[in-house]
Amino acid sequence: MELHVRYEGDDDPDKCSARRLAQFDEAELHRASRSTPPGIVLNPFADQALSPADRAGSGSRTDRVVALDCSWETAEREAFDLEGLHRSLPFLVAGNPVNYGTAFQLNTVEAFAGALCILGERDHAERLLEHFSWGHTFLELNEEPLERYAACADSSEVVAVQDDYLAEE
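Residues numbered from 1 in each chain as written. Predicted model: local features only at pLDDT ≥ 70, side-chain atom pairs only at ≥ 80, totals over all residues. Heavy atoms only, no water.

J.: Hey, could you run me through the overall build of the protein chain in this one?
T.: Each helix and strand in the protein chain was counted, giving 7 helices and 5 strands. Taken from N to C terminus, the helices and strands of the protein chain fall in the order β-α-β-β-β-α-β-α-α-α-α-α. Each of the 169 residues in the protein chain was classed as buried or not, and the buried ones make up 51%. Sequence-distant contacts in the protein chain: of pairs separated by 6 or more residues, those separated by 24 or more amount to 70%. Surface exposure of the protein chain reaches about 8,300 Å², of which carbon and sulfur atoms provide 44%. (Helix = DSSP H or I, 4+ residues; strand = E, 2+ residues; numbered from the N terminus. Buried < 20%, exposed > 50% of the residue type's maximum accessible area, 1.4 Å probe, protein only. Contact = heavy atoms within 4.5 Å. Areas by Shrake-Rupley, 256 points an atom, 1.4 Å probe, with all protein chains shown as cover.)

Here it is, written out as structure tokens:
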């Protein structure tokens, strides 16, 4: 699966997981919305959750995942400008050192890894996370929910599984 990032560049370049993915040729960075190709857009404000039903070959129009790498202040505005199938990620916990243990505060590589696991591309997710010393932590913290989400048929089932986790919080 191709990975693309609508990249704002408004964070610390030394901590930016999107830049690191690009350095390893794992993702392509795009400085403008119009140069970002359409795909499954990981949009935290989307009305529908990502599910295995969004996989390429299962009615989806694309084999691309697009993430937005910007500050949370500009995320909602920028996400609306991206063309594609907008989906939110369900409940997942950050494993990165900046937001460790915080729900829904994933960095770009964690968002990609979570999406890839849900879409049945776990090996690809593991390969991405190998570029980060803490990468395995993300998968360990989210092992059970990622397996459960990947076993769902559609978005409504993913939301039901997410609701189980949110009820526990």
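J.: Help me understand a negative patch on the surface, please; the structure alone is not making it clear to me.
T.: Negative charge collects at one region of the surface, where Glu-140, Glu-143, Glu-144, Glu-147 and Glu-168 lie side by side. Here the negative patch takes 3 residues from helix α6 (residues 143-150), the largest share from any one element. Classification of Glu-168 by relative accessible area gives exposed; the value is 62%. (Patch = residues over 30% accessible without salt bridge, like charges linked within 9 Å, V, L, I, M, F, W, Y side chains within 5 Å. Salt bridge = Lys/Arg side-chain N within 4 Å of Asp/Glu carboxyl O. Lys, Arg positive; Asp, Glu negative; His and termini not counted. Charge placed at Lys NZ, Arg CZ, Asp CG, Glu CD.)

J.: Explanation requested: the pairing of strand β3 (residues 39-42) in the structure shown.
T.: Within a regular beta strand, the side chains point alternately toward one face of the sheet and then the other, so they alternate between its two faces. Bridging between β3 and strand β5 (residues 84-87) involves 4 bridges; their strand directions are parallel. If you follow Ile-40 over to β5, its bridge partner there is Leu-85. Sheet topology places β3 next to strand β4 (residues 64-69); 2 bridges connect them, and they run parallel. Bridge pairing in β4 links Ile-40 to Val-65. (Pairing = 2+ DSSP bridges.)

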